[in-house]
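Coordinate analysis (summary)
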Amino acid sequence: MSSRPLGHSGQRGMVLILIAFIIGLGAAAFMFKMFNASSLQVEQDEKTMRVLGEAKSALIAWAVSHPNHPGQMPYPDRNGDGNYDGYSDCFATNVSFSYSFLLGRLPIHGLDPNCNNHGITVTAALGADFRDATGEPLWYAVSKNLVHDYNGTGANPIINPGVANVATDWIEVVDRNGNVISNRVAAVIIAPGTSVGGQDRSSAAPDAREYLDRIVRSSDGVPFKNYALPPLEVNQFIMGEDIRRVGANDTVFQKPYYFNDKLVYITADELLTALEARAANELKNALLNYYEPASGDRPNGRGVGYFPYAASLGSSKDYACVASNVVGVLPISSVAPADFTCNYSRGGGLTSASCSTGFTNISAIVMRKNNNFTSFSGACSYSGRDCTCAGAGSCSRGGQTFSCNALGSCNANFNGTVTFKGGEFTSANSRCSLSCTDVACSGAGAGSATRTSCVDPVFNTGGSQLPTWIMTNRWYDYFYYASSRTGIKLTGGNKTNVDSLLIGTGRSIVAPFSVPSKGSAQSRPSCAINDYLDSAENANADQIFDRQNITRTPNYNDHTYIVAP
């Protein structure tokens, strides 16, 4: 082996190898560091999104399980009282409402104890102190449609599926390009992350802009702010791109770009779907209590031994059961229904109309003449040719008069047509005919209409009495009810021999969607079943209904709940 020293070329080769080795080590270290940083970022983002999901579930559960006003959302924890103390902040009755009351931190305790002077009970805590991966408390914004109104009468919102069709005051969530993801959002929950772009969180109770971010679209300079509020700005939140993922070549947004908010949202439909399940359970229990005798499992049972007959679909209902009616709406009237008859006659230039129970079981008697009325008095009013009386009063034109007394006896000194409104009539004859819940009578001669009620023990009393919140929020208007009382068993999907079921009808489906069962928008109240039920199967009145848990879509929101067996 030669012991001669390396030449200059050999030494240069070794140096190059050493330099390449060092560079390789540096590159490997850099890549390892970058991999670790990327892994840490992914891990943090996953933790934040997991916490956001948990907070969303907790907030829905809080609203749905509210003991007095299910569906109602808490106000945020705001800095208006000089701190973020974890309590849901109300506002004084002498203070005008401001949309700023709807944005703050997600409350982790109950209602601020200072709200007790408004007669509001402190509600339960949300259940946990939710924080993102950086340790920051979560933020929260809520729709005005879902919070208590401390002004005026101090009203609680009426929350049922119909609220989803309210056109105003929902939150809108958009994607990174400003495209609308949903414009019927009940609440958003935001993880603010670390401060970016000069945000200063050093004060005792910084404003929302010190936590929530803003970006500006390059194409038109439109800003998107997660701290903007009506009436000066739109009630809109953006699911933007994290600052760490927006490269220098991204031209969608103006630079400098500072945004790291993470956001989840609750749509009105999500909230109402969960609420419907609670309402269905309350209605199911009331029906079973009506049917079954008292026992250890059902201490409030009444033991009637059958499910009640249904009340009719339609407008101006009194919700009384109708004999042999096994489909319709729940008979929630808490008083025994009364049978009654209304009579009509016309001849010799005179028209008369009367009801045996006066105006007690109808909403009005309408007289139509061949030209317009010009004056009215008492409990009557006119619109063109129609005079509507809900009690004693009259409508006139010249010497022609239609008048009613308080006992529901009406007379006209001219030939006219009569409509008895809102009577839940079950039959009509001769010159009278059924028209939904009304009866229309016309032509020379006489006719009559009758409502024959069932003789069932009254539902919605005693052990079958429905909770106050069901009645106040009119949830009974959003369920279709069917029973096998007359001996024909029901079918719900693959469930046969069903004795009773409920179908949650959801909100009425309106433009731009059409309902499969009718091909157009639904309108309620209505006597048409396809204004309530969406599929052809549900609306064909054959005692066979869709299976449970079919996915809800923009033009289908029926949901079947088996009551028994």
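Residues numbered from 1 in each chain as written. Predicted model: local features only at pLDDT ≥ 70, side-chain atom pairs only at ≥ 80, totals over all residues. Heavy atoms only, no water.

1. So, the state of the cysteines
On inspection of all chains with the given rule, the structure shows seven disulfides. A sulfur-sulfur distance of 2.1 Å marks the disulfide that ties Cys 387 to Cys 395. Since a negative S-S torsion denotes a left-handed disulfide, the Cys 387-Cys 395 link at about 75° is right-handed. Given the relative accessible area of 0%, Cys 387 is considered buried. (Disulfide = S-S within 2.5 Å. Buried < 20%, exposed > 50% of the residue type's maximum accessible area, 1.4 Å probe, protein only.)

2. What about the pattern of salt bridges?
Scanning the entire structure with this criterion turns up 23 salt bridges. Asp 250 is the partner of Arg 176 in a salt bridge, and the nearest nitrogen-oxygen pair spans 2.8 Å. Note that Arg 176 is positioned in the loop between strand 3 (171-174) and strand 4 (180-191) and Asp 250 in the loop between strand 7 (236-238) and strand 8 (262-267), a separation of 74 residues in sequence. Here Glu 276 and Arg 552 are joined by a salt bridge, their closest N and O atoms 2.8 Å apart. Residue Glu 276 is located in helix 2 (residues 268-291), and its partner Arg 552 is located in the loop between strand 26 (544-545) and strand 27 (559-564); the two are separated by 276 residues in the primary sequence. Taken together, the shared-partner salt bridges connect Asp 45, Asp 242, Arg 244, Arg 245 and Lys 262 into one network. (Salt bridge = Lys/Arg side-chain N within 4 Å of Asp/Glu carboxyl O. Helix = DSSP H or I, 4+ residues; strand = E, 2+ residues; numbered from the N terminus.)

3. Digging into the sheet that holds strand 25 (residues 500-504)
In any sheet, the strands associate via hydrogen bonds between backbone groups, in a parallel or an antiparallel arrangement. Spatially, four strands are ordered 9-22-25-27 in an open sheet, and the strand pairing comes out antiparallel. The open sheet has two free edges, formed respectively by strand 9 (327-328) and strand 27, since each of these has just one partner strand. In the sheet, strand 22 (residues 479-483) pairs with strand 25 via five bridges, with the strands oriented antiparallel. Note that in strand 25 the partner of Phe 479 across the bridge is Gly 504. Seen against the sheet, helix 2 touches strand 22, strand 25 and strand 27 and runs at an angle of roughly 25° to strand 27. (Pairing = 2+ DSSP bridges. Contact = heavy atoms within 4.5 Å. Axes fitted to C-alpha atoms, helices over the stretch in contact; angles between N-to-C directions.)

4. Side note on the environment of Ala 379
Within the secondary structure, Ala 379 sits in strand 13 (residues 375-383). For the pair Ala 379 and Ala 392, spaced 13 residues apart in the sequence, the C-alpha separation amounts to 5.5 Å. Excluding its chain neighbours within four sequence positions, the residues that come into contact with Ala 379 are Thr 388, Cys 389, Ala 390, Gly 391, Ala 392 and Gly 393.

5. Things to note about the sheet that holds strand 24 (residues 495-498)
The strand order across the open sheet built from three strands is 24-23-26, with neighbouring strands paired in mixed fashion. Looking at the sheet topology across the chains shown, the edges are occupied by strand 24 and strand 26. Alignment of strand 23 (residues 490-492) against strand 24, held across two bridges, turns out to be antiparallel. Following the sheet pairing, Gly 492 is matched in strand 24 by Lys 495.

6. Here's the deal with the packing of aromatic side chains
Within the structure shown, the criterion is met by 21 aromatic pairs. An aromatic cluster is present here, built from Tyr 75, Phe 91, Phe 97, Tyr 99, Phe 101 and Tyr 150 joined pairwise through their rings. Stacked on the ring of Phe 414, the Lys or Arg Lys 369 has its end atom at 5.4 Å from the ring centre. One Lys or Arg, Arg 485, reaches over the ring of Tyr 309 and ends 3.8 Å from the middle of that ring. (Phe/Tyr/Trp six-rings, centres within 6.5 Å; stacked < 30°, edge-to-face > 60°. Lys NZ or Arg CZ within 6 Å of the ring centre and 35° of its normal.)

7. So, the environment of Glu 282
Examined against the element boundaries, Glu 282 turns out to sit in helix 2. In this structure Glu 282 comes out as partly exposed when scored by relative accessible area, which is 22%. Sequence spacing of Glu 282 and Ser 464 is 182 residues, and the spatial spacing of their C-alpha atoms is 9.6 Å. Contact partners of Glu 282, with chain neighbours within four places excluded, come to Leu 466, Pro 467, Trp 469 and Ile 470.

Function cannot be inferred from these measures alone, as they are strictly geometric.
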